[in-house]
Each structure stands twice: as C-alpha cells, then as structure tokens.
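# Structure at a glance
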Amino acid sequence: MSEIKLLSKEVSELIAAGEVIDRPASVAKELLENAVDAGANVITIEIKNGGRTYMRVTDNGKGISMQDLPTAFLRHATSKIADKNDLEKILTLGFRGEALASVCAVSRVSVLTKRVSDDYGTHYEIEGGEEKVCEQSGCPDGTTFVIKDIFYNVPARLKFLRKDSTEGNYVAEMVTKLALSHPEISFKFIRDNKVELLSAGDGKVYSAIYSVFGREFAASLIPVNYEWKGIHITGYTVKPLESKPNRKFQNFFVNHRFIKSVACSCALEDAYRNQIMVGKFPACVLYIDIAPDTVDVNVHPTKIQVRFSNEGLMHEAVYFAIKDSLLKNDKPREMVLETRRNFTQQQLYGVQPDSGVQMKFACADEKPVQPKPQPQPTAAYVPPPQESFDTTPAAEKAQPTVKSVVESVSNAVAQKEPEPAKPQNRVTVEQFNKFVSEIPLPEEDNGGSFKYIQKQSFEKVPQQAAPVIVEEQEQKPKPVVIGELFRTFVVAQCGDDMILMDKHAAHERYIFEKIKDEKNTLDPQMLLEPVMVVLAYDEYDALAQNVDKIRTLGFEIEPDVAPTVAVKGVPIILGDQNPTEVVSELARNFIANKLDPQVEIFDDLYHSLACKAAIKAHDKSSLVELQALLEAVYDNDAIRYCPHGRPVLIKLSKRDIEKQFKRIV
Ligand code: ADP
Ligand code: MG
C-alpha cells in the first residue's frame, strides 16, 4: 500500500485556514479589511466572549451579488486582482482571496448582503466550508457578516486561545489599527454590548488618534510631514518627554496598511537617540506613502510584514521625517552675542562701540534680528555657544552691521588659523572661541569675578574664554541659584518660575554637546600595533568597500583575510579603548546604509566619556559652580535631556505654588 496519500479537502482546508486565522482577531482583521475594500464609510464590529462565540461586522459598502456570493468563499477567489501584473500595484488591503475560505472552514458563517443596484439582498449561510442556506432576503445596502463559534471544529486551536478578555483585546487592537489607517471611515467597536470605540470618520488623522488613544496621547504628539526621494511621510510623533514604556504605540501605515517593519522602527528610534530615557520608546502614527511597486505586501499570509525594494531608503525617509519634526518643534530660541564686559567691541570685533552690533545664532529659517542697544551682562559665567555662527543671512537679511562683524571675525580667525578650509561664510564655535580666548585679558580684569569663576569653579566644564550671550528679548529674567537639594538638584529662581535642575544630568549633557562639537576628536591616532578584529562577513564587506569614508572618521583600517580587518589607527576620542566594538558598529552602520554614520557611531562613546567627566549627584559643589552650570544650560534648548534622555530641568511656576498653598484659587 502506498505511503503517500493526497489529503482530503477538509484537512487541507483546515491547514490552509490555519495560516490566515489563528484567533478571533484575525477573523476581525479579514472582515474589517474586506469592508474597507468594499468602500464603506461606516463600519461596525461587535463581539461577544472575546469574539470566540460571536462576531458581527456590518458595513455600508458595495455589497455582493447573489451570484458571486458562493464564489467569494472559495479559496483564491477575489475581485481585487485579475492577473500577475496586478500583484505589483496592490492598493487594496486584500488580494489573496483566502480570507473568506479560511474563515468558513473553521466557523459558522452567515451573511446578509445587498448591492445598491439590486432590489433584493441575499442571505447566505456556510458552516465548516459547507453551504447551508442561499436565499433572497430584504436587507439594507452593504454587507453584514456574523461569525459564530470560531474553531468549533478545530479543538486543538481552541485550546490555544487565551481568556476571552485577552482575545477581545486583540480584536480591539485590530480595530484601532484599522481606524487609524482609515480616518475617513467611522468605526464602531462594541464588546459585550458596550460601545468601546467610535471614531469620527471625518478624514482627520488627529480625530482618529484622539478617539483611539484618548486626549492625553493626542496632546503628546507633534506633527510630521516630510518628503524624501518619492516617499511621503505624514502623521504624528511623540514629544520626547512623553515617550512610552514599550513599542506598542509605534504605528506605521504603508499605503494605508498597518505594517510591522524593523527598518521603520529602527529609524524612528535612531531619530530619538539622546532625547528619550533609556528603557522608554518613541510612539508614532506615521503614514508612509510610496509607489506600490516598491513594496511587496505578498511576503506573509497576514500581510502585516512587508518588504521594501530599498530598505535603506525607507530608513532614511523615516529618520529624516522624525528628525525634521523634532527639530521644528524644539527650535532653539533666538539668541544674540554681546560683547563681553571686559572687552571693547573694537578688541573683539574690530568695530567701534555704539554701532549696535550683535551676532546671531544659526537657525536657518529665522527672521532677521534688528540690532538693538546691548543690555549689560550680569552673568558670572556664560558658556560658549553650542552651534556654529551662521553668517549667510547677512546678505539676505539686509543687515550690513551683522555682516561686517561676522566678516571681521572670519578674517581674524582665518589669519590666526592656518586650518583646512571650512565652508565659506561659516565660523565654527571652535574658531570663534579660539579667537576670543587668544585676546589678552585687560590688566584691570585680573582677579575680577569672571576670572575667579573660570579658574576656581566649574573645573569639570571645559574652560574657554566666554563670549557673553544674552537673549534677544530685552531683559529676560536671569536664573539665580537659591541652593541645592540632596546634593543632587539645584534649586533656582528665574522670574516667576522655580527651577529644579539635575546637576549631573545637566553637566553630562553639556559635556556631551561639547565633545560632539569638537570635530578634532575624530583626528586619527596611529596604533603601535594593529588590532586584528574579526567581523561578520557582511560587516567585513561593508568596511572593505568604504575604506576611504572610514578614514574621514579617523579610522585607518585595512582588510585582511576575510572576515578579519587590521585596525591601524583610531580617532583620538577612542583613547586607548579597544576598538573592536566600535569597528563592528561602524560596519553595521554602513550596512544599514545610513547617510551620516559618524553621528550615531560615536554617540555611545561620547555618552560614556561625558558621564565619566561630569559632576555626580552627591558631589560637593559650590554655589558659584552651580550658578555657572545653570546659566550654561538654562537657555540652551539642545540641553533639555541628558544623553540618556533624562530631563535636565523642570520648572514650577509661582502661580502653581501659590495654588498649592491656596493663596490663589
Ligand atoms: P480578498 O479580500 O483577498 O479578495 P476574501 O476572501 O477576503 O478575499 O474575499 C473574497 C471576495 O469577496 C472579495 O474579493 C470581495 O469581492 C468579496 N467581499 C468580501 N467581503 C466583502 C464585503 N464586506 N463587501 C463586499 N464584497 C466583499
Ligand atoms: Mg479579504
């Protein structure tokens, strides 16, 4: 007797159904997606007992004719594609023609459906794949599916279901994804006779998010709108301080299909680096529109995983979209540079006093700053700025005075520094600081308060002669340290705000930004003996193909016998640390096709250096030192979080305090 037999239709149907349907939520997904594809704008889903015993999905879509209905339940029967070319431009949610066949193989199904053009509708029943009823019936336009007793004929599957409340939650989650992906459709979800979700269906993403996740979540979001090489990304992403304890709130929709994508999640998290706390995750609702032929949705029966023809490009698009949104919503305040009390303007900039000269920080889309009289600086110590000075606006912004100042600084710097050519019209922080620090301090300043602070306090902050920065707005209140709490938190007052600052977090971020600014940390340093690093094969290839790029990052690497590379030089910043880990990270960055790998590669290194160098909680600190630190970070919006993402400052308004004491109501 032959050992190999063809399986019966019933068994093969059950096996095939198992791929698509593994719990009530997968039935919900398929029925909801069909309703969306049918062009409905109102969809209701009702479940009982977690969807296990009862599920109803009603839509007002185009309906199914009596003639087509039995065919719809056959495997590979679909109205959405006709031939193989259609597979390359799928814009419907379904296309495999398997869902109804799978659902009816494992449950009892009844359908009531009517097309607008028909006078009568159809009532159809099918159980375990067997047609039971097919008759004319009066019913409203659209389709209602009722699914009873899922897995009644597959006890093994039934055993694996979780408790009803959990299964119900999976269904709820499925509804939320659909409601988010189609804000133009009003979804209603009823669980055990209670309405749990009702989305507006007004076409607005924000309304959909609001109805799905609630007011608080909606309020924690900032908008995203970005175009990158044909990929259009819109939606919302979370403010860094409102990040979540897990990845559940990361919602990506590609051409209005909810998907899970490692490339998208990684890009999202990369964009939030250094902004959110360790152990927290960004949340987002992102809609990615791309040409349908650049995404393959046919890689998984449930179509939740997709493949992009260019994963690297997708990473870039999401990364830049989020970065753009975070930057736009966290724009540094406008500041102006003022001459320091101890120098004359002539000494500093080569211009006469009273010319009303000010210098402005770089900020590409800022409006011109009107020169105004300079308030006298009061700060004891103000750190150097964190960004390079943008000199380009001079011409466009019709500010000859600003331009002349900048040019004179540029010239002075150029004369003093025989350094490699920098981009035109741009003076870096290092150049400026170096220039300023080389100007001798006037005699009478010896022992003055500024010098005292520079010498005796705040030793751990890299010291530089400090151009004084004042805010552009006149006479902004200055933060003043009141004292210290638990040797950890600085208590300060600024106008009508009380400020609490974590001194370690603040100092750590300050140093982190400084190290990042100083690009000579990437100067190469040759090793006495090459370090042989064994990599994965793809890492080896990535490095071998990018030897020149790697050199610009301070690494001298020679491919040896694959997969080993000889590391002959490393950037100064690495010191005498073993380069193995960084080298392999470098390679992985190239593999991920990141445009600007150096940014991420060194971040971790910078973190640990900054962390080691910063003052610690419980360290003894003088008030002068704390004042200097506070002023260094207070107005620098880049320093809101420590490199690990913990907040640096929190504010409490006088009004809130008065309310607490019931002085005001
Ligand atoms: P697919 O969605 O992949 O085409 P399904 O098995 O889910 O396959 O559905 C088979 C066909 O039944 C669909 O192509 C569609 O024509 C029809 N259909 C299913 N559900 C509905 C609905 N709610 N309204 C209108 N037509 C539907
Ligand atoms: Mg379908």
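Look above for the structure.
Presented here is a report on the structure given in the accompanying data block. (Residues numbered from 1 in each chain as written. Chains lettered and ligands numbered in written order. Predicted model: local features only at pLDDT ≥ 70, side-chain atom pairs only at ≥ 80, totals over all residues. Heavy atoms only, no water.)

## Here we look at the nonpolar core
As a reminder of what qualifies: To form a nonpolar core, buried Ala, Val, Leu, Ile, Met, Phe, Trp, Tyr and Cys residues must be joined to one another through side-chain atoms within 4.5 Å. The buried label goes to any residue with under 20% of its type's maximum accessible area, the exposed label to any with over 50%, and the partly exposed label to all in between, with areas taken from a 1.4 Å probe on protein chains only. Helix and strand definitions follow DSSP, with helices as H or I runs of at least four residues and strands as E runs of at least two, each counted in order from the N terminus. Delimitation of the domains relies on an automatic or database domain assignment. The contact definition used throughout considers only heavy atoms, calling two residues in contact when any of these lie within 4.5 Å.
I45, F73, I288 and V318 are the most contacted members of the largest nonpolar core, which has 92 residues in total. In terms of residue count, the dominant contributor to this core is helix α10 (residues 311–328) (8 residues). Counting residues domain by domain, this core receives three or more from each of domain 1 (9–198) and domain 2 (220–330). Discounting chain neighbours no more than four positions away, the residues touching I45 are A28, L32, M55, R56, V57, V171, V175, K188, F189 and I190. Core analysis: the second largest hydrophobic core is formed by 23 residues, A492, M501, I615 and V648 among them.

## Regarding the pattern of salt bridges
How we decide: When a carboxyl oxygen of Asp or Glu lies within 4 Å of a side-chain nitrogen of Lys or Arg, that pair is called a salt bridge.
Summed over all chains, the structure comprises 16 salt bridges. Residue R108 pairs with E127 through a salt bridge whose shortest N-O separation is 3.2 Å. Here R108 is found in strand β3 (residues 108–114), whereas its partner E127 is found in strand β4 (residues 121–127), with 19 residues between them in sequence. Between R108 and D149 there is a salt bridge; the shortest N-O distance is 3.1 Å. On the criterion of sequence distance, the pair formed by R108 in strand β3 and D149 in the loop between β6 (142–148) and α5 (155–160) is long-range, its members being 41 residues apart. Here the salt bridges do not stand alone but share partners, grouping R108, E127 and D149 into one network.

## Some thoughts on the sheet that holds strand β27 (residues 649–653)
Let me state the cut-off plainly: Here, strands pair whenever DSSP counts at least two bridges between them. Lines fitted to C-alpha atoms define the axes here, with helix axes fitted over just the stretch in contact, and angles between the N-to-C directions of these axes take values from 0 to 180 degrees.
Ordered by their spatial adjacency, 4 strands build an open sheet running β21-β22-β23-β27, and the pairing between neighbours is antiparallel. Strands at the two margins of the open sheet, each flanked by one partner only, are β21 (480–485) and β27. In this sheet, neighbouring strand axes are inclined to one another by 25° on average, regardless of whether the strands run parallel or antiparallel. Sheet topology note: the strand β23 (residues 497–502)/β27 ladder contains 5 bridges and is antiparallel. From the neighbouring strand, D497 faces β27, where its bridge partner is S653. Packing of helix α21 (residues 623–634) onto the sheet brings it into contact with β21, β22 (489–494), β23 and β27, and relative to β21 it is tilted by some 115°.

## Looking at the side chain of S261
The line we're drawing: Pairs of N or O atoms are called polar contacts if they sit within 3.5 Å, as long as, within protein, a hydrogen donor faces a hydrogen acceptor (for residues adjacent in sequence, only side-chain-to-side-chain pairs).
Along the chain, S261 falls in the loop between β12 (257–259) and α9 (262–271). Polar side-chain contacts of S261 include one of 3.3 Å to the backbone nitrogen of A263. Within polar-contact distance, the side chain of S261 engages the backbone nitrogen of C264 at 3.0 Å.

## Re the site of ligand 1
Worth spelling out the cut-off: Residues are classed as near a molecule or strand on a simple rule: at least one heavy atom within 4 Å of it. Per-residue and other accessible areas follow the Shrake-Rupley method at a 1.4 Å probe size, with only the shown protein chains counted as cover for residues. For this scheme, ten residues count as nonpolar: Ala, Val, Leu, Ile, Met, Phe, Trp, Tyr, Cys and Pro. Four count as charged, namely Asp, Glu, Lys and Arg, and the remainder, Gly too, count as polar.
Near ligand 1 lie 19 residues; those nearest to it are N34, T78, S79, K80 and G97. Between T78 and ligand 1, the recorded distance is 2.5 Å, taken from a side-chain N or O atom to an oxygen atom. For ligand 1, whose free accessible area comes to 530 Å², the fraction covered by protein is 94%. The set of elements that each furnish at least two residues to the shell around ligand 1 consists of α4 (99–105) and β6. A breakdown of the residues in the shell around ligand 1 according to their chemical character gives 8 nonpolar, 7 polar and 4 charged.

## Focus on the packing of helix α17 (residues 537–544) against helix α19 (residues 580–591)
What counts is decided by this rule: Between 65 and 115 degrees an angle is taken as roughly perpendicular, under 35 as roughly parallel, over 145 as roughly antiparallel, and anywhere else as oblique.
Packing of α17 against α19 brings their axes to within 8 Å, and their N-to-C directions diverge by 80°. What the angle tells us is that α17 and α19 run roughly perpendicular. Side by side, α17 and α19 meet where D538, E539, A542 and L543 of the first sit next to V583, S584, L586, A587, R588, F590 and I591 of the second. The residue inventory of the contact of α17 with α19, partitioned by class, reads 7 nonpolar, 1 polar and 3 charged.

## Quick notes on the pairing of strand β25 (residues 556–559)
Regular strands place their side chains on alternate faces of the sheet. Pairing geometry for β25 and strand β26 (residues 564–571), over 4 bridges, is antiparallel. Bridging across to β26, E556 finds its partner in G569. As consecutive antiparallel partners, β25 and β26 are separated by 4 residues.

## Comments concerning the packing of aromatic side chains
Our working definition: Side-chain rings of Phe, Tyr and Trp (the six-membered ring for Trp) are treated as a pair once their centres are within 6.5 Å; stacked means planes under 30 degrees apart, edge-to-face means over 60, and tilted covers the remaining angles. Two conditions define a charge located above a ring, namely a distance within 6 Å from the ring centre to NZ of Lys or CZ of Arg, and an angle within 35 degrees of the ring normal.
Enumeration according to the criterion identifies 10 aromatic pairs in this entry. Their ring planes at 55° and their centres at 6.3 Å tell us that F73 and F145 sit as a pair that is tilted. Here F73 is found in the loop between α3 (69–72) and α4, whereas its partner F145 is found in strand β6, with 72 residues between them in sequence. Between Y319 and F320, the aromatic rings sit 5.5 Å apart at their centres with planes inclined by 75°, giving edge-to-face as the arrangement. Through pairs of rings, three or more aromatic residues link up here, namely F73, Y124 and F145. One residue, R108, lies across the ring of Y152, its end atom 4.0 Å from the ring centre. Lying over the aromatic face of F249, K244 brings its terminal NZ or CZ to 5.7 Å of the ring centre.

Treat this as a map of the structure, not an account of what it does.
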